[in-house]
Amino acid sequence: MKRFFLFLFSILIAGEADIVIKNGTVWTVNKSNPTAQAIAIKNNKIIHVGSNHTIQSFIGDHTQIIDAKGKLVLPGFNDNHVHFESTCRIVTGLNLMDVHEEKPFIERVRSVHERFATGVWITGGLWSAYEAWGLSSIGEEGRKAKKDFFKPHRKMVDKLIGDRHLFIQRFDRKIFFANGNALKAAGITKTSPDPPNIKVERDRRGNPTGILSGSGVQNHFGTIIPPRSWEQRVWESEAVLKRCAQYGVTSLSDMSDSRQREIFYHLRNEGKLTARIHSRGYLDQWEKMAEFGIKKGAGDEMIRLGTVKAWIDGIMGNSTARFYEPYSHNTNEFGLWRKIMFPWRSKNGGRDLQSNLEYLALKADSADIQLSVHAIGDAANGYLLDMVDRLIKHNGEKDRRFRLVHAQVINPKDYERFAGKNIIAEVQPYHCTDDMRWMEERIGHERSKGAYPFRSLWDSGAVVCFGSDSPGTNASRYPLNPMLGLYAAVTRQTLEGNPEEGWFPDERITIEEAIQAYTLNSAYASHEENIKGSISVGKLADVVIVSENLLEIDPVRIKDVEVVTTIFDGKVIYQKD
Ligand SMILES: [Zn+2]
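Fair warning: this is a prediction, and the values are worked out from it, not measured in the lab.

Each value, and the rule that gives it
- Residues numbered from 1 in each chain as written.
- Predicted model: local features only at pLDDT ≥ 70, side-chain atom pairs only at ≥ 80, totals over all residues.
- Heavy atoms only, no water.
- Axes fitted to C-alpha atoms, helices over the stretch in contact; angles between N-to-C directions.
- Helix = DSSP H or I, 4+ residues; strand = E, 2+ residues; numbered from the N terminus.
- Parallel < 35°, antiparallel > 145°, perpendicular 65-115°, else oblique.
- Contact = heavy atoms within 4.5 Å.
- Nonpolar A, V, L, I, M, F, W, Y, C, P; charged D, E, K, R; others polar.
- Donors = N, O, S within 2.8 Å, 3.2 Å for Na, K, Ca; no water.
- Core = buried A, V, L, I, M, F, W, Y, C linked by side-chain atoms within 4.5 Å.
- Buried < 20%, exposed > 50% of the residue type's maximum accessible area, 1.4 Å probe, protein only.
- Pairing = 2+ DSSP bridges.

**Focus: the packing of helix α2 (residues 84-92) against helix α9 (residues 230-247)**
Where α2 contacts α9, the two axes come as close as 9 Å, and the packing angle between them is 85°. Considered as vectors, α2 and α9 are oriented roughly perpendicular to each other. Contact with α2, carried on its side by Phe84, Glu85, Thr87, Cys88, Arg89, Val91 and Thr92, involves Arg233, Trp235, Glu236, Ser237, Ala239, Val240, Leu241 and Arg243 of α9 and no other residues of that element. Class assignment for the residues of the contact of α2 with α9 results in seven nonpolar, three polar and five charged.

**Details of the coordination of the zinc ion**
Protein coordination at the zinc ion comes from His81 (NE2), His83 (NE2) and Asp469 (OD), with a distance range of 2.0 to 2.3 Å. All donors to the zinc ion come from one chain, and their sequence spacing reads H-x1-H-x385-D. Remark: Asp469 occurs in the loop between β23 (463-466) and α17 (482-491) and His81 occurs in strand β8 (residues 77-82); sequence separation between them is 388 residues.

**What about the nonpolar core?**
Counting 99 residues, the largest nonpolar core has Leu384, Phe466, Leu486 and Leu550 as the members making the most contacts within it. In terms of residue count, the dominant contributor to this core is helix α13 (residues 378-395) (eight residues). Sequence-distant contacts of Phe466, defined by excluding residues within four places in its chain, comprise Asn78, Asp79, Asn80, Val427, Pro429, Phe454, Ala489, Ile509, Ala514, Ala517, Tyr518 and Ser522. Formed by 20 residues, the second largest nonpolar core is a distinct cluster that contains Val99, Phe150, Leu166 and Ile175.

**Regarding the sheet that holds strand β1 (residues 19-22)**
Sheet strands line up and pair through hydrogen bonds in the backbone, either parallel or antiparallel. Spatially, β5-β4-β1-β6 is the arrangement adopted by the four strands of the open sheet, whose pairing is mixed. Of all the strands in the sheet, just β5 (45-50) and β6 (64-67) have a single pairing partner and so form its edges. Across the sheet, the axes of successive neighbouring strands diverge by a mean angle of 15°, strand direction being ignored.

Structure (structure tokens):
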């Protein structure tokens, strides 16, 4: 009875909804009320989660009714790790990673030329990346062996792009290519001598072909290429936000610079920011942040601040991730401790460089700023677990939610050390799908058991949250599409479905857990679980409808599921036609 009156009361105060979704299979990610049929939204909040019956009282003359036709309804996805600015460049610019032939090369250049404003340089490229990757599971060996990668020529593009400038690089950043105009701007002509440390390839008549190599190329062009204009970057940002809407990403944590943050504020003021942003500063900016009163959870529901970022080791791709034991394919190599953390602000006198990180981390933590530190190798992750213990010792127990960024390879002995510390494992599951091809060659079978240990991390008491790490490296793309992350976590297979039973299948997690990691847990990671991350009354109305029931389909099909509707901040921002 009491519940009934409460319900009546909630209708009275909530009133007519702006949007109602009915006939849905709603998976709320709210443990106390996991499933529903219908949702009511008013302004930018969820005002009711119930059945097709209870939703009736929220429908008025002006309510937009969305019939979900039985489809799965979820909270909007929250990507825990996006390099937004680089994603802009890859998504809107020239991405040639999968290109190594003349025809597609020309087509790709043409399409970028057509969508770029006049005067904007075409850069990027990374041609032949997949050509190299296909050669050998380990990559490096194949690269050494192969000599005849695809070579662009000025003739392919000079007429096509008119007086635009183009300067791009091969995937390994050893060979570069410039069109006629870019060569001219760089002072490289038929008669000019080669600039210092640049080898200019020439045809029989001495005309530059566009191909350049040598250690001086990047610097030389770096001084010529104008920085992308504000207008260009705003345009690019809107294009990527549009992509986010298509994928149902309504929140993301950005790793880019402060310029990008300014763009987000600008877009918000224009009413064009269609994803909530969590934006991190650098660890050595903690003092400035503290001065302005920016601590964990600072900012507002559109742009959240209060977190700093730092790095302690390198990456798997070039064997710089730091391990307790040497790499299996190179027994002299342990990987590196990030050598130069902040050389321009080395306040630490005689301290070694790791403690420089720790010195700043202790300060930031004492100012209640949230820390996030990149760690890939098992020793790097182990070091940070030690560091968290010391943070607790020095600054006391508190709701710090230390973010272990990537948490890629963990020594099984370290799992028990996560318990009770509220450590956030900021994981990007698609890395597993991509890296499993060569992981065992690098670190051996035994250590690979601790690689991308989704299940073990989850059970250890860490708060596992998910994201993409878009756009990826020069060897592989990490797509924004959350379905690929869910797929990776649930199957531990490559996109081709190998191995059949999954790579170290004990480390798989369930689809329900994976969805929670990509929604509620990512919200928790930025201290926002009370306002978003689940479909609950009073939370922000960020909701997606997807094409198939992820909870029931064969997991191998998860990667092909599409978002059909995205609602952000109470408005439909994407509708698949
Ligand atoms: Zn990253």
